[in-house]
Amino acid sequence: MDTKTKDLLPIITKSELSPIEKARATALARNYAWCWTGFEAVIVAVELPLEVELKETNGWLLSGTIDTLARRDGEYIMIEHKTKAGEVDKIHDGYYRKLKHDMQITMYHILLECNGMPVEQTIYDVIRKLGTSVKRIPAGKLDDENPKAGTQAEMCKLGTYHGMELDGKDLTWLAAYMEKKTLGEVDPGPLKESPKLYEFRMSVAIAEDPEKYFKQYGQIRRTHEQMGSAITALRSVCNRIDATPHEEEQWCQNTSQCNSYGTACEYMDVCAGFQDIDGDQYQDRKGSATSAEKSLSHSKLTCYLSCQRKYYYRYVCKREHAKEKAPALQFGSVFHEFLAGFWESR
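Conventions adopted
- Residues numbered from 1 in each chain as written.
- Predicted model: local features only at pLDDT ≥ 70, side-chain atom pairs only at ≥ 80, totals over all residues.
- Heavy atoms only, no water.
- Helix = DSSP H or I, 4+ residues; strand = E, 2+ residues; numbered from the N terminus.
- Buried < 20%, exposed > 50% of the residue type's maximum accessible area, 1.4 Å probe, protein only.
- Contact = heavy atoms within 4.5 Å.
- Areas by Shrake-Rupley, 256 points an atom, 1.4 Å probe, with all protein chains shown as cover.
- Lys, Arg positive; Asp, Glu negative; His and termini not counted.
- Charge placed at Lys NZ, Arg CZ, Asp CG, Glu CD.
- Patch = residues over 30% accessible without salt bridge, like charges linked within 9 Å, V, L, I, M, F, W, Y side chains within 5 Å.
- Salt bridge = Lys/Arg side-chain N within 4 Å of Asp/Glu carboxyl O.
- Axes fitted to C-alpha atoms, helices over the stretch in contact; angles between N-to-C directions.
- Parallel < 35°, antiparallel > 145°, perpendicular 65-115°, else oblique.
- Nonpolar A, V, L, I, M, F, W, Y, C, P; charged D, E, K, R; others polar.

**Examining the overall build of the protein chain**
For the protein chain, the count of helices and strands is 13 helices and ten strands. Here the protein chain holds 346 residues, and 42% of them are scored as buried. Restricting the contact set of the protein chain to residue pairs at least 6 apart, pairs at least 24 apart contribute 72%. Summing over all exposed atoms, the protein chain offers an accessible surface of approximately 18,600 Å²; the carbon and sulfur share of this is 49%. On the protein chain, the mean spot of the 46 positive side-chain charges and the mean spot of the 51 negative ones are 3 Å from each other.

See the structure below:
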């Protein structure tokens, strides 16, 4: 792990993620630099906000924030960071095939083109989210000169776990367990990994097979014809929004989206009549600059196309659920902050 990456780890370790999620994010962060070892380019901007006027609308702006913009041989390259559950190396599945026409990428190409930075290609920087968890640590053989990695024997004899050095706290914890086990007065039960030991195991696993966890899918391009077609469609959405009266019943519900991605919509109880959008369960929305009333971002577009009623509550009423972010969103936000720091340091 290089010094720059090490300096950025507090973004993860001091976050509000659970201990196991911190371990997962740290294991990925330790190895992230590997996949960009041969990438030679000048980093132009990180987290670059852009906007452009959508003509033939009532004052709408197309807006978005570019994750990373680089320049090589006089040409611009956009790098879009994504975390993904499941395999990342199957480039023929639907996840990658849709990138040929993905609207978010198209919108970003339009924004960059209109701001004088035409993109030669986009690289999708995909990071696999870890789904494994802590496991029982096998005993191993204490009389082995070179005990097997990932065993209690390795920890006792070498002071390491999967080859990574244990600190004093780890060794004290291990000694207390081994003492109970040796005396036999109290059954200590199986020895399970702490989040830190889990992080060590996964760091090594990722380092041994990084292509299983990181994928850079490049050569994603957009023609002027594609961008022009997208602008026409975006203009149509803006004009439809403007034409809809600001009355709740005018915004159609799409109940097929109430449990999209396996999570209940934050406005489900309002639609079901159990809560009031102006009640204590909801609060004024703290949106970004791209959430302005006449600003069309990709997230705003997706919300409108998935469920107009959800769009009404979120962007017209400007209300959101008062509960904390879902764990998956928390992980993505924290790791995205790490990635921003990584590219800013290059």
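Here the narrative resumes.
**A few points about a negative patch on the surface**
A cluster of acidic side chains, namely Asp89, Glu208, Asp209 and Glu211, defines a negative patch on the protein surface. Along the chain, Glu211 turns up in the loop between helix H8 (195–208) and strand S7 (214–220).

**Observations regarding the packing of helix H5 (residues 103–114) against helix H9 (residues 224–243)**
A packed helix pair is summarised by two numbers, namely the angle formed by the two axes and the spacing between the axes. Look at H5 against H9: their axes get within 10 Å of each other, and the N-to-C directions meet at 105°. Considering their axes alone, H5 and H9 lie roughly perpendicular with respect to each other. Facing H5, whose interface residues are Met103, Thr106, Met107, His109, Ile110 and Glu113, H9 presents His224, Gln226, Met227, Ala230, Ile231 and Leu234. When the residues that make up the contact of H5 with H9 are grouped by side-chain class, the tally is seven nonpolar, four polar and one charged.

**Comments concerning helix H12 (residues 308–316)**
When H12 is considered as a whole, its buried residues turn out to be Arg309, Tyr311, Tyr312, Tyr313, Arg314 and Tyr315. Summarising the contacts, the buried residues of H12 are in contact with H9, helix H10 (268–271), helix H11 (298–306) and strand S10 (319–321).

**A look at the pattern of salt bridges**
Following the criterion strictly, the structure yields 13 salt bridges and no others. A salt bridge links Lys90 to Glu87; the nearest nitrogen and oxygen atoms lie 3.2 Å apart. Among the salt bridges present, the one from Glu193 reaches Arg201, with a minimum N-O distance of 2.6 Å. Of the two residues examined, Glu193 and Arg201, each falls in the buried class.

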